[in-house]
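Spelled out, the chains give:
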Amino acid sequence: MSMISHPRFLCLTLALIVSGTALTANGQEKKVLDHDAYDIWNRITASAISNDGEWVLWTLGPVEKDATLRIREREGNGFYEYARGDSAQFSADSRIVAFKIVAAKDSVRQAKLDKKKSDDMPKDALGVLDLSSGAFARIERVMSFKMPEDAGGWIAYRLDKPRAEPDSTASEKEEEEEPDDEEKEQEDGTTLVVRNLVTGSETTFDLVTDYAFSKDGSWLVFVRSEKDGPSDGVYVVRPGNPDATALMRGDGDYKQIAMDEESKQLAFISNRDDYDADQPAFTLYHTRLDDTQARALATEGNEALPGGWWVSENADVSFSDSGERLFFGTSPKPDPKPDDEDILEEEKVKVDVWSWKDPLLQPMQLVEAENEKKRSYLAVVYLDSGDIVQLASTIVPDVTVGDKGDGSRALGTSNLPYRKEISWDSPRYYDGYLVDMETGEQSIILEGVQNLLRLSPEGKYVFWWDRNELAWMTMSTSTRETVAVSSRVPFPVDYEIHDWPYKPNSNGFAGWTDGDEKFLIYDTYDIWALDPTGEDDPVNVTDGLGRNEKLRLRLVDLDREEPAIDPDEDLLISVLDKETMDGGFYRDRIGSNRAPELLLTSNHTYGFSVRKAEDADVLLYTRSNFQEFPDLWTSDLDFGNARKLSDANPQQKDYLWGTAELVTWTSIDGDPLKGILYKPEGFDPNQKYPMMVYFYEKMSTRLNSHIIPGAGSSSINRTFYVSRGYLLFVPDIPYKVGYPGESAMNAVMPGIASLIDEGFADADHIGVQGHSWGGYQIAYMVTQTNLFAAAEAGAPVSNMTSAYGGIRWGSGMSRMFQYEMTQSRIGGTLWNETLRYIHNSPLFQAPKVETPLLMMHNDEDGAVPWYQGIEYFVALRRLNKPVWMLNYNGEAHGLRKNHNRKDWTIRMQQFFDHYLKGTPAPV
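The following refers to the structure shown. (Residues numbered from 1 in each chain as written. Predicted model: local features only at pLDDT ≥ 70, side-chain atom pairs only at ≥ 80, totals over all residues. Heavy atoms only, no water.)

With that out of the way, let us pick up the packing of aromatic side chains. Given two aromatic rings, one states the distance between the centres and the angle between the planes to describe the pair. By the definition in use, this model includes 45 aromatic pairs. Between Trp 472 and Phe 509, the aromatic rings sit 5.7 Å apart at their centres with planes inclined by 80 degrees, giving edge-to-face as the arrangement. With a gap of 37 residues between them, Trp 472 in strand E31 (residues 471-476) and Phe 509 in strand E33 (residues 509-512) connect regions that are remote in the sequence. On the accessibility criterion, Trp 472 (2% relative accessible area) is buried. One aromatic cluster is present, built from ring pairs that chain together Tyr 461, Phe 463, Trp 465, Trp 472, Phe 509, Trp 512 and Phe 519. The cationic tip of Arg 224 hangs over the ring face of Tyr 235; the distance from NZ or CZ to the ring centre is 5.6 Å. In this structure, Arg 554 is placed above the aromatic ring of Tyr 522, and the distance from its NZ or CZ to the ring centre is 4.3 Å. (Phe/Tyr/Trp six-rings, centres within 6.5 Å; stacked < 30°, edge-to-face > 60°. Helix = DSSP H or I, 4+ residues; strand = E, 2+ residues; numbered from the N terminus. Buried < 20%, exposed > 50% of the residue type's maximum accessible area, 1.4 Å probe, protein only. Lys NZ or Arg CZ within 6 Å of the ring centre and 35° of its normal.)

Here it is as C-alpha cells:
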C-alpha cells in the first residue's frame, strides 16, 4: 500500500487571490483565513444560567486545545475565569459554582507517549467557587461531583484512587495471579467526601462506588463496594452526619438507585441474596429514607412475573410523581452459557445463519445483539398493597404511562409485526395497545400506523399523524372514539415541500394544554389549538399572522420539566420570515383575542435554545448570523435590557470574512427557488470571482447561520473559502420522484447560470463539492455537464443497482428502503424500475466525465459502502479520466479524527486552488 505524506510538506507555495483590501480598526490589512486559524477559533460548548438569573457561565475553547470556564454576573461586574473548567453547575440557591478542572490535554498526551499506567496519568480536580464571597477551593484527584437538585448548601464528590507508592523493598516483580473465572470479585470503591458549602466542614465515607442526593438535599444515599465484600451495601445518611445507616449489606451488586419527588422514599436492585449462584438473580428493594432497612418487593419466581422471567439489572427504577407507584424492568432469564472448556478456540464453529423468515437481517441482528441482551420490559409495583403488574411484554415491548406515571391507562406500541418491512419500506409501522394499569391486560387499538403513536400528558388520548388522511388523529383512552381533529383546519397541515416517495409528514405539534384540554399543532405558518373530542372548531392561536405575513411561527418551551402548557400563561413564539430568513419572537396566549405581540425581529438566527432562569424573569439565548458568532445574551421576558455577555472570537475582526445573501431564480421545471450566495469581503461586482457550489437538499433557511472556521468532517468550510476570495453558492433543490439526479441538474444549473449572467462569477472557474447525498448528485452531474472546472464528491453512490441490495453496516439495515422510499427517491424496486436505477447511476455514464474529480470514501463507512467509490474510481481510471480517491483508513462516513479532518481540508483546498485559481498542482 502506498502512503502519501501530509500535504503541508508537499505543496508548493499557493498563490492567494483575494479581492480588494480591507483594514482592521488599527489600520492593518486584514488576513485571509488559513489552516492555522482553526487552533485559535473558539466554540461555546456549554452554558447555564443560575436559578436567580444573576449569573451566567459558559465553557469555550478551540477543538484541540484546553477549554476555559467563564462565569459572569449578568448586570454587575463580577467575572471569574478558570482554565480547563468543565461540567460546571450552579447550586440550586445560586450561591455556588462547582466544576471539574480537567487534566491538561498536553500533559495527558505526553503521559500516553510515556506509556504511564492509569494511576499515574494526570487526574481531574474539582473547583468550588462561592459567588458571594469569591472564595475558591480546589480539590485534587476528583472523579465526579453532585449537588442537590432543589437545594443549596451541600456538595458530594468522589475521589480517585490515591497514587500508589512505589515498593522499594520489592526485588523483583511479583507475578499476578490469574483470577478464577468462577469467582466474583468486587472492585474497591473510593472515598466520598460530603462538604458543607457554608461552613466548609467535611465528612468522608470510604469504598464508595455510587451516590446521590435526594432532590431537597436532606438525604445522601451511597453504595459501597470492596473486593472481599463485607461492607458491600446501600447506605443512607443526613448530610453532615458522619454515621451512615446501612439499609442493606452483604456481598453483591447494588444498582439503579432511585428516590421519589418528595425525598421520602428509596428504591434499588441487588443480587445480594443470590450472589453465589451461577446466574445471580436481582431483587427490587424499597424503603423509606428514614427507615433502617429495605424490604424486597419483586424477585425471580414472583407469581406476577411471567414464567422464566426475573428482575432486569439493565432497566432504570423510578417512582411515579405521587410516589405511590414504583416502576422497574423485567426480562426473560437467559440460558446458561454452554460448557465448552473441552473445545479449543480454533475448533469452535463460528457461523451466522441468514434466514428469509428472520424479522431483521442478520447484520442488523448482530448490530442490535447487545441491546437485545439488555432489553427490559416495564413493570410496576403499587406500594400501598405490594401488588405487581407486568405492563410490557415480548409482544408489546414499549409502554408509556400517562400523568407522570400515575395514569389509569398506558399506551403500548410495537413494530414487531413489521420488522421485515424495515428493509424496504419507510417510515416504520406500529401497532398500538391500551394497557390496563391494574391488570396489565393489553388491548389492541390500532394496527399498521405509519407513524409513532403517542400518549397525551394525562393519558386521556392517544394521538398520531395519519398519512392517508393527512390529518392528526386522537383516540379517547376511555371510549376509544377516534377523531380526525385537524380535518376542520382550513389549510393543509401536512409538510408543504414534501418530495419523497412516501406520503407526507405533518408540520409537527406544539403539545397539549393542562388537563389534555387542547392539542396544539402547526400548519406551514401558524399554531392551531384543537379540541381532542372534535366538538369545538379549531382555533388559530396566532390569528393567521403567520400565513398573512409568510412567517413560520413555532412555540418555544421554556419549562421542559412540565409536560403540558398552561393556557393562562403567555406563550413565547419563535418566528422565521420565509421571505427574508429573519428571526425573532412574538408573545401570545391561547384563547386571547389580541393579536400576537412582536417582541423582537432581526437578521439573526435565535433558534429554540432560549432558556429561562428557574426563579427569575430572565432569558438566556444566543443570536447569530454569518458575520456574528452565536454569543450569549440575556434579557428580560420582553427581550428588553438585552446584554451580550460573551465575546468568543474577538480575533475575527482581524480576518477577511464576507457576507451572505438570499438569491432567487427559476428551475428548468419552472419552480421558483432560493439559495444562499456568500461573497468575499470587499466584493467588487465588476470583478470576476472563482465560485464554489455546495448543496444538500434545501438549505436556504440557514442564511443566518454562523460557520466557524474549522477542518470539516465531510464538507467545505464556507467561511474559509469566502475569506480566500471565492464566491460560494448554496442552492435549494426540489426533487421529482424517480429522477433525483435530473432534479439536481434542473435546479442547480439555472441557479449557476443566473449568477454567471450577473457578470461577477467566472464561468471558467467554478467548482462543486458535496458529501453523501450531495456527493452522489455531484457524481451524477459531472456525467451531464462540463461546466465545472473541478469537483469533489464525498462518499458518493455511483451504482444504484449494486448499492440497492447492499448493507448499511453502521445499522445493519438493507439499503433497499433508502432507494425505494426515502432520500434516493427512486420510488420502486430494482426489478420494477430498472431503468430508473440505471439512469440515475453515474457509473453507467462514466465515459461522459471530463471534469477532474476528487473523491473521499473511507473503508469503514457505515452509511454508503466504500465499494461505491471504488466502482466509480476504477471506471474513470480505466477511461483515463483525472480522478483521485482518498481513503482515510479506519474512518467512517464522515471523518471523526481531527488530524484526518485537517489533512483532508488541506488536500481539498489545494485541489480547488489549482483548478480554480491556477496555483501549481500539489504533488
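Once you've had a look at it, read on.
Another aspect to go through is the nonpolar core. With 50 residues, the main nonpolar core has Met 691, Val 693, Phe 729, Ile 752 and Tyr 872 as its most contacted residues. In terms of residue count, helix H5 (residues 740-758) provides more of this core than any other element does, seven residues in total. When neighbours within four sequence positions are excluded, Ile 752 is seen to be in contact with Met 691, Val 693, Phe 729, Ile 766, Leu 787 and Phe 788. The next biggest cluster of nonpolar side chains, apart from the first, holds 49 residues, and it includes Tyr 678, Ile 707, Tyr 726 and Ala 789. (Core = buried A, V, L, I, M, F, W, Y, C linked by side-chain atoms within 4.5 Å. Contact = heavy atoms within 4.5 Å.)

Now for H5. The end-to-end C-alpha distance of H5, which contains 19 residues, comes to 28 Å, matching closely the 27 Å that a straight helix rising 1.5 Å per residue would cover. A positive phi of about 100 degrees marks Gly 759, the residue just after H5. (Expected span 1.5 Å × (residues − 1).)

What follows covers the packing of H5 against helix H6 (residues 773-781). Packing of H5 against H6 brings their axes to within 9 Å, and their N-to-C directions diverge by 80 degrees. Considered as vectors, H5 and H6 are oriented roughly perpendicular to each other. Between H5 and H6, the contacting residues are Pro 740, Gly 741, Glu 742, Ala 744, Met 745, Val 748 and Met 749 on the first element and Trp 773, Tyr 776, Gln 777, Tyr 780 and Met 781 on the second. (Axes fitted to C-alpha atoms, helices over the stretch in contact; angles between N-to-C directions. Parallel < 35°, antiparallel > 145°, perpendicular 65-115°, else oblique.)

Before going further, it helps to spend a moment on unusual backbone geometry. Across the junction of Ser 426 and Pro 427, the peptide omega takes the value -5 degrees, indicating a cis bond. Relative to the helices and strands, Pro 427 is located in the loop between strand E26 (409-414) and strand E27 (430-436). Located in the positive-phi region is Lys 115, a residue other than glycine, with phi close to 55 degrees. Relative accessible area serves as the criterion here: at 73%, Lys 115 is assigned to the exposed category. One non-glycine residue, Asn 880, adopts positive backbone phi at about 65 degrees.

Here we come to the pairing of strand E14 (residues 233-237). Sheet faces and side chains relate simply in a regular strand, where the side chains alternate between the two faces. Most of E14 sits inside the fold, with five of its five residues counted as buried. Of the two faces of E14, the one holding Gly 233, Tyr 235 and Val 237 and the one holding Val 234 and Val 236 are both buried throughout. Here strand E13 (residues 220-224) runs beside E14; their pairing, made up of five bridges, is antiparallel. By the bridge assignment for E14, Val 221 is matched with Val 236. Bridge count between E14 and strand E15 (residues 245-249): four bridges; the pairing is antiparallel. Residue Val 234 lies in a different strand from E15, and its bridge partner there is Met 248. (Pairing = 2+ DSSP bridges.)

Bringing the pattern of salt bridges into the picture now. One pass over the full model with this rule turns up 45 salt bridges. With its nearest N and O atoms 3.1 Å apart, the salt bridge here joins Asp 570 to Arg 594. Here the residue Asp 570 occupies a position in the loop between strand E37 (551-556) and strand E38 (571-577), and Arg 594 occupies one in the loop between strand E39 (583-588) and strand E40 (597-602), the gap between them amounting to 24 residues. By relative accessible area, which is 37% here, Arg 594 ends up partly exposed. A salt bridge links Glu 850 to Lys 881, with the shortest nitrogen-to-oxygen separation between them at 3.3 Å. Residue Glu 850 is located in the loop between helix H9 (834-839) and strand E53 (853-856), and its partner Lys 881 is located in the loop between helix H10 (867-878) and strand E54 (883-886); the two are separated by 31 residues in the primary sequence. For Glu 850, a relative accessible area of 48% puts it in the partly exposed group. (Salt bridge = Lys/Arg side-chain N within 4 Å of Asp/Glu carboxyl O.)

The four strands lie next to each other as E33-E34-E35-E36, forming an open sheet whose pairing is antiparallel. Every other strand in the sheet has two partners, leaving E33 and strand E36 (539-540) as the edge strands with one partner each. With three bridges connecting them, E33 and strand E34 (residues 519-522) associate as antiparallel partners. Residue pairing in the sheet places Gly 511 in a bridge with Leu 520 of E34.

The next thing to look at is the pairing of strand E6 (residues 96-101). Taking burial as the measure, the six residues of E6 include six buried ones, the bulk of the element. Both faces of E6 are covered, namely the face carrying Ile 96, Ala 98 and Lys 100 and the face carrying Val 97, Phe 99 and Ile 101. As paired strands, strand E5 (residues 85-90) and E6 are joined by four bridges and run antiparallel to one another. The residue of E6 that forms the bridge with Phe 90 is Val 97. Pairing analysis gives six bridges linking E6 to strand E7 (residues 125-130), with the strands arranged antiparallel. By the bridge assignment, Ile 101 is partnered in E7 with Ala 125.

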